[in-house]
Amino acid sequence: MPGNEAGKQPGKRLRQPIVVVLGHVDHGKTTLLDKIRGTAVTAKEPGLITQHVGASVVPASVIERLAEPLKKIIPFKLIIPGLLFIDTPGHELFSNLRRRGGSVADFAILVVDINDGFQPQTYESIEILRQRRVPFVVAANKIDKIPGWKPHPDTPFIISYRQQAKWVQEELEKKLWDNVIAKLYELGFQAERFDRVKDFTRTVAVVPISAKTGEGIAELLAVLAGLAQRYLQHRLRFAEGPARGVILELREQPGLGTTADVIIYDGVLKRGDLIVTGGLEGPIITRVRALLMPKPLQEIRIAKRELEPVGEVYAAAGVRVVAPELEKAVAGAPLYVATSEEEAKKLAERVRQEIEALRIKTEAEGVIVKADTLGSLEAMVEALRRRGIPIRYADVGPVAKRDVIEAVASKEINKFYAVILAFNVKTLPEAEEEAKKHEIPVFRHNVIYQLLEDFEKWYREQTEAERRKELEQLVRPGKIRILPGYVFRRSNPAIVGIEVLGGVIKPGYPLMREDGKRMGVIHQIQDRGKTVPEARAGMAVAISIKGHVMVGRHIDEGDVLYTDVPEKHAIMWLTKYKSELSDDEKVVLKEIIKIKRRQNPAFALTI
Ligand SMILES: Nc1nc2c(ncn2[C@@H]2O[C@H](COP(=O)(O)OP(=O)(O)OP(=O)(O)O)[C@@H](O)[C@H]2O)c(=O)[nH]1
């Protein structure tokens, strides 16, 4: 079984924990994975070149040797055979390592540039790790870029650190705290530099490293291995029994059709096995035609490595599966080996239910979600749920016309949710036209965090604009007194000088007397000869009043008038817009309600 060391002695073998690398763009994920692979290769352990499809294994012997100088700080004896690293970093792929209620990945390394600190994808990575309950270690990368740092290539961090000048050490500590540890605390995690951690299951260990110089890689691997053992004490599994895995990626391969890159996290997968996986049109029951693994090579150039057929693979493993009907499968779907046709049917039902549970379709209000894979769909749905954003419809695939139709239907219930959130998928031309026609915004991004930020920003702007508009239309509480000696015209319209005693008046506001009788509508407000849009408490202005109002008959000099706030408006002021009233407006509103209740005791009773 070339390339699959776990398969060499298929007796009772513990499986390796699966590790993923996440983090913000350019923080050094790829460089770190290359370094880890390089470390494993240059260790020149015979027969330990351990390449998988989409993954690499760092054997325990390599980790132990690297960690030798650290024995006093990180004492451990490894019982796991090694660590399986998923080769492609990033949360798009990580989200496909899904498994009902969690992740196939046992651990993660969150890479944070120690100089750049937390960035959008750092937050997003943490969110996804939290969702899937994956414990993680933080690699505070690029320590070689700290001013004054003297690199000691491929040396443990502790040893290199001791040889740095004091001020350089201080600079590192400061950055480590400000840019990494404090940020983790803000998010509710207890975190410490790895050598100060007492309980690795409660505290996030932060390992300062340089993926470029190799400083700290020894500790990073040792901490991971130690953590893996502690965490997995009760979860460690043997590589035996029927395989369970997940489709990481599907690829078209000339001559072979659609093949699936699968991560096997449990059991054994053999050529000829009856397997069950999932597609959008339903579960797929098929047989493994071939299993492909990379040919063993003495170097790390893995990109174009040739694959060769193998008879079986043992968990944990990354393998390319060749089988009929895989073109109907979907990335992120589970893959199970069935021991009989009957069991296959049962498993198929389980897979169908699992996939259906992720695809949402309701008649209720909510957004429309489209994502490229099951894994990203699940991550999107969970992220939306946590933010309390309702979902009407969620599915895998490009944005199509029917998605726009769903959004239009959603608009009838709540226009602010009539949007399409498209994660890493295209919009079909027909759908684009339809969206334009119905003014359905389509938000697209390949970072979930960013996609949701964009939508939430838009949502806030829209609801705020709506609120402003509604607010503008409400009659505000206002109280005025007609100034004696300032009657300019008695009627048609009446023009009088007034003083605003409280609240505010605007043109268009109806007025009432202290006995609740309507006294026309304010037509215009003038302040020293100039028309103004409003008058507030303390101002003395002239107003014209339209309607059947005559000074001397209906109203008189010295009279107090109020704005005639309609009951609906009064209720809005008492509830939704309470915070929009000034203190004097609140006092005036109370007086208005008192007047109104003389005629209608139930006026603006909100409970
Ligand atoms: N000085 C220094 N540069 C580093 C280190 N790690 C990575 N880099 C550089 O940072 C840049 C980004 O590194 P990548 O490994 O491509 O980062 P990434 O996180 O994989 O980025 P994406 O794959 O684009 O998400 C490259 O130019 C690396 O050479 C480090 O420890 N020190």
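Residues numbered from 1 in each chain as written. Predicted model: local features only at pLDDT ≥ 70, side-chain atom pairs only at ≥ 80, totals over all residues. Heavy atoms only, no water.

The helix and strand inventory of the protein chain stands at 14 helices and 33 strands. The C-alpha radius of gyration computed for the protein chain amounts to 34 Å, which surpasses the reference 25 Å derived for 607 residues by more than 25%, pointing to a less compact arrangement than a globule. Out of the 607 residues in the protein chain, the part that is buried amounts to 57%. Considering only contacts in the protein chain between residues 6 or more positions apart, those separated by 24 or more positions represent 72%. By element, 51% of the accessible surface of the protein chain is carried by carbon and sulfur atoms, the whole surface being about 27300 Å². (Helix = DSSP H or I, 4+ residues; strand = E, 2+ residues; numbered from the N terminus. Rg over C-alpha atoms; globule rule 2.2 N^0.38 Å. Buried < 20%, exposed > 50% of the residue type's maximum accessible area, 1.4 Å probe, protein only. Contact = heavy atoms within 4.5 Å. Areas by Shrake-Rupley, 256 points an atom, 1.4 Å probe, with all protein chains shown as cover.)

Right, let's talk about helix H10 (residues 401-413) for a bit. Since the α-helix turns once every 3.6 residues, residues separated by three or four places project in the same direction. Looking at H10, one finds that the buried residues are Asp-403, Val-404, Glu-406, Ala-407 and Ser-410. One side of H10 carries all its buried residues, which in axial view fall inside an arc of 155°. Buried residues belonging to H10 abut strand S21 (360-361), strand S22 (367-371), strand S23 (391-396), strand S24 (420-423) and helix H11 (429-437). (Arc of directions from axis to C-beta.)

Moving on to unusual backbone geometry. It is generally the case that most residues other than glycine have a negative phi and that most peptide bonds are trans. In this structure, the amide linkage connecting Ala-315 to the following residue, Ala-316, adopts the cis form with an omega of -5°. By secondary structure assignment, the location of Ala-316 is in the loop between strand S18 (312-314) and strand S19 (317-322). Residues Asn-492 and Pro-493 are joined by a peptide bond in cis, for which omega reads -10°. Counting through the fold element by element, Pro-493 comes out in the loop between strand S26 (478-489) and strand S27 (494-505). A positive phi angle, close to 70°, is found at Asp-26, a residue other than glycine. Secondary-structure assignment places Asp-26 in the loop between strand S1 (18-23) and helix H1 (29-42). Overall, Asp-26 belongs to the exposed group, its relative accessible area being 64%.

What follows covers the environment of Arg-468. Within the fold, Arg-468 resides in helix H12 (residues 448-473). Sequence separation of Arg-468 and Gly-520 is 52 residues, and the distance between their C-alpha atoms is 26 Å.

Below, the discussion takes up the pattern of salt bridges. Two side chains of opposite charge can pair, provided their charged atoms sit close to one another. Applying the stated criterion across every chain, the model contains 44 salt bridges. Residue Glu-363 is joined to Arg-392 by a salt bridge in which the shortest nitrogen-to-oxygen separation is 3.8 Å. Of the two residues, Glu-363 is situated in the loop between S21 and S22 and Arg-392 in strand S23; the sequence distance between them amounts to 29 residues. Note on Arg-392: relative accessible area 5%, which makes it buried. Salt-bridge contacts for Glu-464 lead to Arg-468; the nearest nitrogen and oxygen are separated by 3.2 Å. With Glu-464 and Arg-468 both in helix H12 and four residues apart, this pair spans about one turn of that helix. Through salt bridges with shared partners, one network takes in Arg-98, Arg-132, Glu-354 and Glu-378. (Salt bridge = Lys/Arg side-chain N within 4 Å of Asp/Glu carboxyl O.)

Considering the arrangement of structural elements, one finds Gly-547 in the loop between strand S32 (540-546) and strand S33 (560-563). Assessed through its relative accessible area of 43%, Gly-547 is described here as partly exposed. Along the chain, Gly-547 and Val-521 lie 26 residues apart, while their C-alpha atoms are 6.5 Å from each other.

It is worth spelling out the site of the ligand at this point. The environment of the ligand is made up of 15 residues, and the closest members are Lys-29, Thr-30, Thr-31, Asp-144 and Ala-211. Between Lys-29 and the ligand, the recorded distance is 2.7 Å, taken from a side-chain N or O atom to an oxygen atom. One nitrogen or oxygen atom from the main chain of Ala-211 is found 2.9 Å from an oxygen atom belonging to the ligand. For the shell around the ligand, the element with the most residues is H1, which contributes three residues. Counted by class, the shell around the ligand contains two nonpolar, seven polar and six charged residues. (Near = heavy atom within 4 Å. Polar contact = N/O pair within 3.5 Å; in protein donor to acceptor, adjacent residues only side chain to side chain. Nonpolar A, V, L, I, M, F, W, Y, C, P; charged D, E, K, R; others polar.)

Segmenting the protein chain into domains produces domain 1 (18-235), domain 2 (244-356), domain 3 (358-473) and domain 4 (478-599). Each side of the interface is counted separately: domain 3 has six residues, and domain 4 has eight residues. Carbon and sulfur atoms make up 41% of the area that domain 3 and domain 4 hide from each other, which totals about 580 Å². Sorting the residues of domain 3 by area buried against domain 4 places Arg-467, Glu-470 and Leu-471 first, and these three jointly supply 78% of that buried surface. Summed over the shared surface of domain 3 and domain 4, the result is three salt bridges. Between Glu-580 and Arg-467 there is a salt bridge, with its nearest N and O atoms 2.9 Å apart. (Domains from an automatic or database assignment. Buried area = accessible area lost by both parts, 1.4 Å probe.)

The subject of this paragraph is the packing of helix H9 (residues 374-386) against H12. Where H9 meets H12, the axes come as close as 11 Å, and the angle between the chain directions of the two elements is 45°. The angle between H9 and H12 places the two elements in the oblique class. The interaxial crossing formed by H9 with H12 has right-handed handedness. Across from Ser-376, Ala-379, Met-380, Ala-383 and Leu-384 in H9, the residues of H12 making contact are Ile-448, Leu-451 and Leu-452. Across the contact of H9 with H12, the residue classes tally to seven nonpolar, one polar and no charged. (Axes fitted to C-alpha atoms, helices over the stretch in contact; angles between N-to-C directions. Parallel < 35°, antiparallel > 145°, perpendicular 65-115°, else oblique. Left-handed = near helix turned anticlockwise from the far one by under 90°.)

A word on the sheet that holds strand S16 (residues 290-294). What links the strands of a sheet is backbone hydrogen bonding, and the strands pair in either a parallel or an antiparallel sense. The strand order S15-S14-S20-S11-S12-S19-S16-S17 describes an open sheet built from eight strands, whose pairing is antiparallel. Looking at strand neighbours, the two that pair on one side only are strand S15 (282-287) and strand S17 (307-310), the edges of this open sheet. On average, each strand axis in the sheet is tilted by 40° relative to the strand beside it, whichever way the strands run. Note that strand S14 (residues 274-279) and strand S20 (residues 334-338) share four bridges and pair antiparallel. Considered in S20, the bridge of Ile-275 is made with Val-337. (Pairing = 2+ DSSP bridges.)

Our next topic: the nonpolar core. For soluble globular proteins, the rule of thumb is that nonpolar side chains tend to be buried together. Counting 119 residues, the largest nonpolar core has Leu-32, Phe-85, Leu-97, Ile-109, Leu-184, Val-367 and Leu-421 as the members making the most contacts within it. Top contributing element to this core by residue count: helix H7 (residues 217-232), with ten residues. If we ignore the near neighbours within four places in the chain, the residues touching Leu-421 are Val-367, Ile-368, Val-369, Lys-370, Met-380, Leu-384, Phe-443, Leu-451, Leu-452 and Phe-455. Grouped together as the second largest cluster of nonpolar side chains are 39 residues, Val-475, Ile-505, Val-565 and Tyr-577 included. (Core = buried A, V, L, I, M, F, W, Y, C linked by side-chain atoms within 4.5 Å.)

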